[in-house]
Amino acid sequence: CMKQRLRRHIVLIGMMGAGKTAVGSELARRLRVPFTDVDSEIEAAAAMTISEIFARDGEAFFRDRETQVLARVLGGPPGVVSTGGGAWMRGENRELIRAHGLSVWLNCDLETLWHRVRQRSTRPLLKTADPKGTLAALIEQRYPVYARADLNFPARPADSVETSATRLIEAI
Ligand code: S3P
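Residues numbered from 1 in each chain as written. Predicted model: local features only at pLDDT ≥ 70, side-chain atom pairs only at ≥ 80, totals over all residues. Heavy atoms only, no water.

> So what's going on with the packing of aromatic side chains? Which residues, and what values?
Under the criterion given, the structure shown has 4 aromatic pairs. Centre to centre, the rings of Trp105 and Tyr146 are 5.7 Å apart; their planes meet at 55°, and the pair counts as tilted. Separated by 41 residues along the polypeptide, Trp105 in strand 4 (residues 101–107) and Tyr146 in helix 7 (residues 131–146) bring together distant segments of the chain. For the residue pair Trp105 and Tyr146, the accessibility class agrees, reading buried in each case. Through pairs of rings, three or more aromatic residues link up here, namely Trp105, Tyr143 and Tyr146. (Phe/Tyr/Trp six-rings, centres within 6.5 Å; stacked < 30°, edge-to-face > 60°. Helix = DSSP H or I, 4+ residues; strand = E, 2+ residues; numbered from the N terminus. Buried < 20%, exposed > 50% of the residue type's maximum accessible area, 1.4 Å probe, protein only.)

> For the environment of Asn93, give the residues involved together with the corresponding values.
In this fold, Asn93 is placed in helix 5 (residues 91–100). Residue classification places Asn93 among the buried positions, given a relative accessible area of 1%. The spatial distance from the C-alpha of Asn93 to the C-alpha of Leu106 is 17 Å, given a sequence separation of 13 residues. When neighbours within four sequence positions are excluded, Asn93 is seen to be in contact with Glu66, Thr67, Leu70 and Ala87. (Contact = heavy atoms within 4.5 Å.)

> Tell me what's going on with the pattern of salt bridges, and back it up with residues and numbers.
Pairing between side chains of opposite charge can happen when the charged atoms of each approach one another. On inspection of all chains with the given rule, the structure shows 11 salt bridges. The partner of Arg63 in a salt bridge is Glu59, with the nearest N and O atoms 3.0 Å apart. Placement of both Arg63 and Glu59 in helix 4 (residues 59–74) is noted, with a separation of 4 residues, approximately one turn of the helix. Given a relative accessible area of 14%, Arg63 falls into the buried group. By relative accessible area, which is 34% here, Glu59 ends up partly exposed. A salt bridge links Asp159 to Arg156, with the nearest nitrogen and oxygen atoms 3.1 Å apart. In this structure Arg156 comes out as partly exposed when scored by relative accessible area, which is 45%. Linked by salt bridges that have partners in common, Glu26, Arg29 and Arg30 make up one network. (Salt bridge = Lys/Arg side-chain N within 4 Å of Asp/Glu carboxyl O.)

> Outline helix 5, listing residues and values.
Within the span of helix 5, buried status applies to Asn93, Arg94, Leu96 and Ile97. With its buried residues spanning 160° around the axis, helix 5 presents them on a single face. In this structure, helix 5 carries Glu95 and Ala99 as exposed residues pointing more than 90 degrees from its buried face. Buried residues belonging to helix 5 abut strand 1 (9–13), helix 4, strand 4 and helix 7. (Arc of directions from axis to C-beta.)

Structure below.
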């Protein structure tokens with residue numbers, strides 16, 4: 001139970017659409033600690049959107065920026081950090097997160113994720129002929145690795161952001 005000041009970061013991992021940013025910012029507000037969204041930090045530092053970075057410089061470049069930003073954020077004062085869906089897939093990032101925080105997997109099912117991401121197609125990885133198939137393939141590839149997080153938090157699709165934050169505080 002976390003009543004006193006945070007001693008390390010709470011790092012949210014999981015797929016796009018799982019609610020990392022929404023639940024993370026609510027969690028930070030409740031705990032009165034800083035909230036950082038790694039994707040937003042990357043966009044601010046580059047003065048470009050994630051889509052623009054992918055289109056102009058490619059995914060490998062984006063992944064290197066992601067690691068740099070993650071290292072900088074985790075080196076700062078403890079807070080809640082939401083990461084992009086691919087961040088936990090790089091070993092170096094997992095080491096960084098392990099060293100500085102508690103990793104929490106917002107574990108969400110395909111249908112819920114698809115329902116949430118299909119309206120906004122801002123995710124460059126889903127700009128394919130079969131975005132739902134791509135999402136399913138990513139899930140298959142990533143979930144065994146996400147399962148190595150410190151905490152597996154099953155996101156309940158019907159829960160509001162507030163309810164999810166309450167459940168998460170109880171789980172931590
Ligand atoms: C990605 C997820 C995105 C963003 C980028 C790549 C991924 O973040 O980092 O488009 O590899 O799953 P969200 O999980 O916040 O959508």
